[in-house]
Amino acid sequence: MNKPLRSYFNFDSLRVRLLVLVLLAIVPPVILTVYGAWKERQQAVSIAEDNLQQLTQLAATSEARSIEGTKQLLSVLSTLPELRGNTKTCSEFLAKILKRNEGYVNFGVIQLNGDVNCSAMPLNGKLNVADRPHFKRALHEQTFIAGDYVFGNALRKHAINLTYPVFDNNGIVQAVIFAALDLNYLDRFVSDIALPAGAVLITADSNGTIIARRPDPDKWIGTRTSQSLFDVMIKVGFGTSELTDADGITRLHAFAPVGTSNISNFKVSIGIPLEDIVAPANHLQMMELSTLAIIALLALVAVWFVGDVIILRRVKALVRTADQVAAGDLDARTGIKYGKEEISQLARAFDGMVSSLQEHESDRELSQAILFAEKERAQVTLESIADAVITTDNRGNIEYMNRVAEKLTGWKNIEAQGLPSTDVFKILNGFTRESVPNPVELVLAQQSNVELIKDTVLLSRDGTEYAVEDSAAPIRNREGRIIGVVLVFHDVSDSRKLAIQLSHQAAHDPLTGLFNRREFERRLELAIDTLARQSKQHALLYMDLDQFKIVNDTCGHSAGDELLRQITALLQPLVRDSDTLARLGGDEFGAFLENCSPESASRIAEKLRQTICDFHFVWQDKIFPIGVSIGLVNFSTNVLSLPDLLSAADTACYVAKDSGRNRVHIYRPEDHQLAAREGEVKWNERIQKAFENDRFHLLSQRIVSIQPDKKNFSFDELSLVMADESGKLIPTSAFLPAAERYHFMPTIDRWIIRTAFAQHAAALKKSPSENLHLMFVKISGSSLDDESFLDFIKEQFTHYALPFESICFAIAETTAITNLTRALNFIGKLKPLGCKVALDDFGSGMSSFAYLKHLHVDFLKIDGSYVRGMATDPVDCAKIEAIQNISGVMGIETIAQNVEDDITLDKLKSIGIGYAQGGIINPKVPFYPPATE
């Protein structure tokens, strides 16, 4: 009789499981195939992104080149005098320009009121563009502006208006010149770019209007881009994104701006259908999956038939024999021929097992005797170990206790048997004195091992307490069922006392017994972290004893230690139990007042101050009054970190000391500024002492020509340094802010001029030369404001008989611009006498070139920050090149300072810079030895 088909597909059968294994074996190749295809698609998209970004950047660069050309053309036209003539002359001139420049629709000049009075193309009546955005921006920003899309009604052409301001000789905008660029001409700049099949190129203005498009430019120019594409153009700016276009096709778009922001606000996008990118990978995936499906089908058919013959028939024989043995027939055998494969070995093992059952039935009594002996041996072992051991039944009642457990609990084994473990093993927390869960009950409830919590104490039957550590584990039978619990514990009283002692020493100051700085900061940081979750009001006191050093120096350290102990005894009763009082180091104490209002904190601080102030320290026959300066910081948020909070408290304490000592100062944010200003006051005192002790010195650094065709001046630049008490030289930048704040600069400048003139004159007389040695002397803004300073300079030239041609006065660019009138007066009075003038740190101001033509100087010293960065920064290099070009036109020599390597020096030579100064050329050396009168 044929079996029903469903019997072959019993999911518990071995045959079905073999088929499932085959299918599972096919799963990894399928996953790898899908994953590989996914990776192929990802790689294809990544390569397409790179190629598309390069192509988009190329298109943007091509269009930017067209707009950049218009900017350069308008820049040149704006300077021509023909634009300032009458309307007819201007229009005729622009008409000629229009004929010579292909791709432009019109050129014209717009007056400040918006009237177009000059145009290359005839105008149909009066035209006013005052409301046009590009005209407004050109007037407001006074720079080149690229406008958005327009459609010329007169010429019927798509165009964009490009504007450029026209300046008069004083740098004031006189008019605006514009050029209307034909968008068909702009589109030709990208027409030579080979786009991939199905690709779309779009260039849009800032309003989203299409100004260039491939393919079909005539159809699309002047229309709006889709909103989704325009939003991504504005948001992304530069990069790639996947978008579904209006035609329903998902494309990978790349975006790039057309030039920098000072060229245009246009964006370029090129999109390629995403389906075209991933099509090869999808095709490969389908081919591989089809191949795997055929292989899987063949494998399933083979397993179906081969598994039945080789495996299933023999497994059924094993099952039949197992049923006979289960029924008590120990003579049954499988009848399978033994071999080396697994089922044959299983049959041999099964037959051997049945034979063993027959042979070893008598061995069970022997096994029971051995088990009893092992039990006796285990009990002797438990009596011998050093740990206490208690065993219970599955209800938690005690069955056994060894001698150590009897000693610690106070109960005898025979007395405790049958009692609940909670009556014998009584434990509690040593600090809170609260009951601790019994470990036996925890094991029975959780059915797993447990350990006692930290700081557990065992109460003995006679009231003695033992610090204990223990663990409890379930006792299971062969079936895994819990039949009892074993509890093991030992006395750790000595080690716990030692640990408590070490913990106390780690957190306390050994001299005063107060908390030390580490514990104080730990508690303070914990409170700061808590403020993030719960708002509270705290206060921090930073206390510094005012007379401690006198006691220490007069009576020795033992007296100082005793003073600190007595101060501690005074302070401890004055703070609350919840407060933290600590010795922070030396004679400094700290108090953290937790949950304390500002009013209460002020009262506590004042009480501490008054208590210490009323105290007089007596040592032998001497009496010392003691005071304390206290800085108080109130805080209720975690805005200030721990270092910030300690710094604020230290600053408040500093202000308290600086305000007269023995007082409480509540911290304010401006205290840091006051402390910094006090630092400047100290510089004020150091500068005065430097004058009194003649500790100012001059250093000189040679400036050399780096161009063979330049006039080789022989000159050095002077710089000021100050020596401290040990003779170490302090650079000008360290004391200059204080010198300017306290008006030392005119005095310092006069000292420099007297010293430099005297020593330079003496040197010139001693070694006369045809090539006059030129000395650079820096002048500060404060000296320019001094009306008598010019007369002083002339007097010094006369007094030392020094040639005017031997001195070059250097004025910082920012100083000259800030004091322009006085700088012009200074230059106008000294240049006719023969003195040279240099503009120092040129390029650091925002209006360098605008003011340069008003300052008739001989040298430009380029800002050193540009020189240091020009080797790696093309922008800095371009700035220096621009400075050289402008100065060359104006006949001004250029000097590069801070030249520190050969690469920078070579770049300066190639640009055409005339002179250089820096460590690679000549280091700074002391100025001439002092001249003798």
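Structure shown above.
Residues numbered from 1 in each chain as written. Predicted model: local features only at pLDDT ≥ 70, side-chain atom pairs only at ≥ 80, totals over all residues. Heavy atoms only, no water.

Q: Whenever I open this one, the overall build of the chain confuses me. Can you help?
A: Within the chain, the regular secondary structure consists of 31 helices and 34 strands. Within the chain, the proportion of its 933 residues that are buried is 43%. Summed over its atoms, the accessible surface of the chain is roughly 50200 Å², and 54% of this surface lies on carbon and sulfur atoms. (Helix = DSSP H or I, 4+ residues; strand = E, 2+ residues; numbered from the N terminus. Buried < 20%, exposed > 50% of the residue type's maximum accessible area, 1.4 Å probe, protein only. Areas by Shrake-Rupley, 256 points an atom, 1.4 Å probe, with all protein chains shown as cover.)

Q: Is there a simple way to think about the sheet that holds strand E9 (residues 250-257) in this case?
A: By definition, the strands of a sheet pair up through backbone hydrogen bonds, in either a parallel or an antiparallel sense. The strand order across the open sheet formed by 5 strands is E7-E6-E10-E9-E8, and the pairing between neighbours is antiparallel. Lying at the two open borders of the sheet, with one neighbouring strand each, are strand E7 (210-214) and strand E8 (239-244). Pairwise comparison of adjacent strand axes, ignoring direction, gives a mean angle of 20° for this sheet. (Pairing = 2+ DSSP bridges. Axes fitted to C-alpha atoms, helices over the stretch in contact; angles between N-to-C directions.)

Q: Looking at this model, I keep getting lost on the nonpolar core. Mind explaining?
A: Most often, soluble globular proteins have nonpolar side chains that are buried together. Phe696, Ile793, Phe809, Phe826, Val857, Ile880 and Leu908 are the most contacted members of the largest nonpolar core, which has 66 residues in total. With 10 residues, the top contributor of residues to this core is helix H23 (residues 745-766). With near-sequence residues (within four places) excluded, Leu908 lies in contact with Ile706, Gln707, Val867, Met870, Ile880, Ala896, Val899 and Ile913. (Core = buried A, V, L, I, M, F, W, Y, C linked by side-chain atoms within 4.5 Å. Contact = heavy atoms within 4.5 Å.)

Q: Got a minute to help me understand the packing of aromatic side chains in this structure?
A: In this description, a pair of aromatic rings is defined by centroid distance and the angle of the planes. Applying the stated criterion across every chain, the model contains 17 aromatic pairs. Consider the rings of Phe809 and Phe826, whose centres lie 5.6 Å apart with planes at 85°: the pair is edge-to-face. Taken together, the residues span a long stretch of sequence, with Phe809 in strand E29 (residues 807-812) and Phe826 in helix H27 (residues 820-830) at a distance of 17 residues. Taken together, the ring pairs connect Phe757, Phe797, Phe804, Phe809 and Phe826 into an aromatic cluster. Arg523 extends its terminal NZ or CZ atom over the ring of Phe515, reaching a point 3.9 Å from the ring centre. Above the plane of the ring of Phe792 lies Arg750, whose end atom (NZ or CZ) is 4.7 Å from the centre. (Phe/Tyr/Trp six-rings, centres within 6.5 Å; stacked < 30°, edge-to-face > 60°. Lys NZ or Arg CZ within 6 Å of the ring centre and 35° of its normal.)

Q: Would you mind going over the pairing of strand E20 (residues 588-593) with me for this structure?
A: The side chains of a regular strand alternate between both faces of the sheet. The buried count for E20 comes to 5 of 6 residues, which makes it a mostly enclosed element. Looking at chain direction, strand E18 (residues 538-545) and E20 are connected through 6 bridges and run antiparallel. Counterpart to Tyr542 in the pairing with E20 is Gly590. Across 5 bridges, the pairing between strand E19 (residues 580-585) and E20 is antiparallel. Following the sheet pairing, Leu581 is matched in E20 by Ala591. The antiparallel hairpin formed by E19 and E20 contains 2 residues in its connecting segment, where Gly586 sits at a positive phi of about 60°.

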